[in-house]
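What follows is the residue order along each chain.
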Amino acid sequence: MLEELKKEIYEANMLLPKYGLVTFTWGNVSGIDREKGLFVIKPSGVDYDKLTPEDMVVMDLDGNRVEGEYNPSSDTPTHLELYKAFPKIGGIVHTHSAWATSWAQAGRGIPCYGTTHADYMYGEIPCARCLNAEEINGAYEKNTGLLIAELFTDRDYEAVPAVLCKNHGPFTWGKDGHEAVHNAVVLEEVAKMAARCEMLNPQVEPAPQSLQDKHYYRKHGANAYYGQSK
Ligand SMILES: O=C(CO)[C@@H](O)[C@@H](O)COP(=O)(O)O
């Protein structure tokens, strides 16, 4: 079942160690088949150098394992809530990449300090609050997904395909698993640059709005004249 999607999501998962976004097994990629209402995700705790396409776990949108020998990633309920909340996405990534996670642990969104950021994501990359004790002791991973979804009720999840979760780490998404990984790489680079930028100039301000708009909208939206339009 879903052999092609399993291969694609296996390959997307293998990009995480390639791009230095995971240590040990601290991360996962999933991808969804919207027509079938099923998604494929990395199994929990399986080393990347032992992972095969057959190891990918197939889940339904009620959280049932439909196929797979291993348990799905412990982050599966978060992925599931994001698929429900963001109907246009096809892939999700979670990592503990060091720079993005540092911002998350600090509880800070990443301001847009330059055109590298603005070329890919519009405005600040937000940081969701830490869950409270009741939320943590309850359906923790599901509540993480619900909290992210709530944070994006007044934000455009296509224009900002990334979030930081306080005391935890980043999630990114995209039209498929590969685009979600691409956005995770961009997020990590932007997080690194922004942290160094503040170290060099603690008084730094976000880039002028006109510059942010120029760089974002020349690649995205109806008037894009360069790169891919969403
Ligand atoms: O967030 C965490 C741990 O804090 C998890 O994403 C990480 O350990 C990966 O877990 P899985 O191996 O996908 O179950």
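In the nomenclature of an unreviewed UniProt entry, the protein chain is known as L-ribulose-5-phosphate 4-epimerase of Lactonifactor longoviformis DSM 17459. You can read under Function (unreviewed entry) in the UniProt record for the protein chain the words "Involved in the degradation of L-arabinose. Catalyzes the interconversion of L-ribulose 5-phosphate (LRu5P) and D-xylulose 5-phosphate (D-Xu5P) via a retroaldol/aldol mechanism (carbon-carbon bond cleavage analogous to a class II aldolase reaction)."

Asker: Is there a simple way to think about the pairing of strand β2 (residues 38-41) in this case?
Answerer: Walk down a regular strand and you will see the side chains alternate between the two sheet faces. Where strand β1 (residues 27-33) and β2 come together, four bridges link them in antiparallel fashion. Within the sheet, the bridge partner assigned to Ser 30 lies in β2 and is Ile 41. Hairpin connection from β1 to β2: four residues lie between these consecutive antiparallel strands, with Gly 37 at a positive phi of about 70 degrees. Of the strand pairs in this sheet, β2 and strand β3 (residues 57-60) are connected by four bridges, and their pairing is antiparallel.

Asker: Just checking my understanding: could you explain the site of the ligand for this structure?
Answerer: Thr 25, Trp 26, Asn 28, Lys 42, Ser 44, Gly 45, Ser 73, Ser 74, Asp 75 and His 94 make up every residue found near the ligand. Grouping the amino acids of the shell around the ligand by side-chain chemistry returns one nonpolar, seven polar and two charged.

Asker: When you look at the UniProt feature "domain: Class II aldolase/adducin N-terminal" (unreviewed entry) in the protein chain in this model, what are you seeing that I'm missing?
Answerer: UniProt's feature table lists "domain: Class II aldolase/adducin N-terminal" (unreviewed entry) at residues 7-195, given in the numbering used throughout. What you have in residues 7-195 is 39% helix and 18% strand, and the ends, taken at the C-alpha atoms, are 36 Å apart.

How each quantity is defined
- Numbers given to residues run from 1 along each chain, matching the order in which its sequence is written.
- Whole-chain, interface and lining totals are the exception, using all residues; otherwise, since this is a predicted model, local features are given only for residues with pLDDT of at least 70 and side-chain atom pairs are given and counted only at 80 or more.
- UniProt positions are given in the numbering used here, feature names are shortened, and annotations may be inferred rather than shown by experiment.
- Here the rule is simple: two strands pair whenever DSSP picks up at least two bridges between them.
- In DSSP terms, a helix is any run of H or I states spanning at least four residues, a strand is any run of E spanning at least two, and both are numbered starting from the N terminus.
- By definition, a residue lies near a molecule or strand provided its backbone-derived C-beta atom is within 6 Å of it.
- Residues are grouped as follows: Ala, Val, Leu, Ile, Met, Phe, Trp, Tyr, Cys and Pro are nonpolar; Asp, Glu, Lys and Arg are charged; every other residue, Gly included, is polar.

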